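Chains, contacts and geometry: an overview
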Amino acid sequence: MASGTATGTRTGTAPRSGLLLAGILLIAVNLRAAITSVGPVIEDIRTDLDIGGATASVLVSLPLVAFAVVSPLAPALARRIGIERALGAALAVLAVATVVRSLPSIPALWVGTAFLGIAIAVINVLLPSLVKREYPDRIGQVTGLYSSVQGAAAALASGFAVPLAGTTQHGWRLALGIWAGLALIALAVFLPRLRRRSVPVDAVTTVRSRSPWGSALAWQVTVFMGTQSTVYYTLITWWPSVEQAHGTSAAASGWHLFALQVAGLLANLATARLIPRRADQRLLIGGAAALVAIGIAGQLALPAASLLWIVLAGAGGGANIVLALSLFGLRTHDHHQAAALSGMAQSVGYALAAAGPVLLGALHDATGSWTAPLWVLLAVLVVQAAAGVQAGRARLL
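Everything in this summary refers to the structure shown in the same document. Being a predicted model, the structure only gives us computed values, none of them experimental.

A tally of helices and strands in the protein chain yields 17 helices and zero strands. The globule rule puts the C-alpha radius of gyration for 397 residues at 21 Å, and the 20 Å found for the protein chain is close to it. Projected onto its principal axes, the C-alpha positions of the protein chain cover 60 × 45 × 35 Å. Looking at the protein chain as a whole, 57% of its 397 residues qualify as buried.

Okay, the packing of helix α8 (residues 106–134) against helix α16 (residues 335–367) next. The axes of two packed helices give the description: the angle between them and the distance between them. Contact pair α8 / α16: the axes reach a minimum separation of 8 Å and the direction vectors enclose 155 degrees. Compared by their axis directions, α8 and α16 come out roughly antiparallel. For α8 against α16, the interelement crossing comes out right-handed. Facing Asn124, Val125, Pro128, Ser129, Lys132 and Arg133 of α8, the residues of α16 in contact are His335, Ala338, Ala339, Ser342, Gly343, Gln346 and Tyr350. Taken together, the residues of the contact of α8 with α16 break down into five nonpolar, six polar and two charged.

On to the side chain of serine 215. Position of serine 215 relative to the elements: it lies in the loop between α11 (180–194) and α12 (216–245). Owing to a relative accessible area of 3%, serine 215 belongs among the buried residues under this scheme. Among the polar contacts made by the side chain of serine 215, one reaches the main-chain amide nitrogen of alanine 218 at a distance of 3.2 Å.

A few words on the pattern of salt bridges. A full pass over the atoms with the stated rule returns seven salt bridges. A salt bridge links arginine 133 to glutamate 134, with the shortest nitrogen-to-oxygen separation between them at 2.7 Å. Given the relative accessible area of 2%, arginine 133 is considered buried. A residue is classified by how much of its surface remains accessible, and glutamate 134, at 2% relative accessible area, is buried.

On to the side chain of arginine 32. Structurally, arginine 32 can be placed in the loop between α2 (18–29) and α3 (33–36). With no salt bridge to any partner, buried arginine 32 finds its closest opposite charge in glutamate 243, at an N-O distance of 19 Å. A polar contact of 3.4 Å, which involves the side chain of arginine 32, links it to the side chain of tyrosine 233. With near-sequence residues (within four places) excluded, arginine 32 lies in contact with Asn124, Gln150, Ala154, Tyr232, Tyr233, Ile321 and Tyr350.

Attention now moves to helix α13 (residues 250–274). If you check α13, its first and last C-alpha atoms are 36 Å apart, about what 25 residues at 1.5 Å a residue would give, namely 36 Å. Sitting at the amino-terminal end of α13 is serine 249, which places a side-chain oxygen 3.1 Å from the backbone nitrogen of alanine 252.

Attention now moves to helix α5 (residues 53–70). Between the first and last C-alpha of α5 there are 26 Å, a value that for 18 residues agrees with the 26 Å anticipated at 1.5 Å per step. Maximum bend of α5: about 40 degrees, positioned at serine 61, with proline proline 63 one to four residues after it. By the criterion of burial, α5 is predominantly enclosed, with 13 of the 18 residues buried.

Procedures and definitions
- Residues numbered from 1 in each chain as written.
- Predicted model: local features only at pLDDT ≥ 70, side-chain atom pairs only at ≥ 80, totals over all residues.
- Heavy atoms only, no water.
- Helix = DSSP H or I, 4+ residues; strand = E, 2+ residues; numbered from the N terminus.
- Rg over C-alpha atoms; globule rule 2.2 N^0.38 Å.
- Buried < 20%, exposed > 50% of the residue type's maximum accessible area, 1.4 Å probe, protein only.
- Axes fitted to C-alpha atoms, helices over the stretch in contact; angles between N-to-C directions.
- Parallel < 35°, antiparallel > 145°, perpendicular 65-115°, else oblique.
- Left-handed = near helix turned anticlockwise from the far one by under 90°.
- Contact = heavy atoms within 4.5 Å.
- Nonpolar A, V, L, I, M, F, W, Y, C, P; charged D, E, K, R; others polar.
- Polar contact = N/O pair within 3.5 Å; in protein donor to acceptor, adjacent residues only side chain to side chain.
- Salt bridge = Lys/Arg side-chain N within 4 Å of Asp/Glu carboxyl O.
- Lys, Arg positive; Asp, Glu negative; His and termini not counted.
- Expected span 1.5 Å × (residues − 1).
- Bend = angle between axes of the 7 residues up to and from the residue.

This is a description of form; function is not addressed.
What follows is the structure in structure tokens.
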């Protein structure tokens, strides 16, 4: 078993380099910015396109639907052309899709959003597998590092969305389209990896293990991934609207979303340092869920302190994403198995997450209040904590 794992952990003989880590971090920059930039300008989009809350929710959730559909296919793509080339192709598609989404055409908005989701889905699945292969003894640390960079980009994207939209007549289209540059920069830095010769998967020995779809542990990881994603994407989509309903200005709510991302970034780094120090992750998972719950309950009870509540929720969410991504490597034997678990968890998980903003947006439209949707989120957190505590036990598939 050990020899199989060792043999199967590389697709080439080139040593790891600082350029590889830089490439991973720049790729991670692209995983949230194109999505978190939508929330602060969603009301502008609704007004410009004359669409209701449910339709806007579908637009926001479309990338998550793509995550659910494409995630199981990403490991097969990596086996065929290699992890690096699959990541490079996804970055190229992401850059084009981001530009298309910002064109003055409603069909382009929907098509660009769909392909943006497809590209990010491939990256979401394969990046943890690359970390497992190249940094098997530093999974938590590297995952936390790239999650923090991802969170920083997401924070900037959400914080600058409204100011960018106000600088030109193109408004929200500029605020969304400008992030194509990040994908091009990442592709340029990662380009040397695409030129390396990869050994076909069939030419290496890998661990022969059962499919994760039949594993109770894999399902626990999947439910944890899905529920924490549901809460995260619902918050970044609707939290500005929640605050605005309580009297906060659009610009201030956008910067509060920025504060959520900053708190998440700091929690990314802290969680990455704590993961290697514990035999399992149960305590960390329970603590992160509690922070998010306090944030949501606080908004219900004392909305005047919304900045405090969003910071607490952001910290819990930042810890959750590092824990979820780290579990793909921590609960598997090699990077092939990590990719399979990642594909399963992100497919089912993002199917759940895609439904969250849509259903809660519809619930808000039906009730005229954000009270019921926030109570639903608290119920989701109970499920998240239960699944996460099980997934956090120190064992392998």
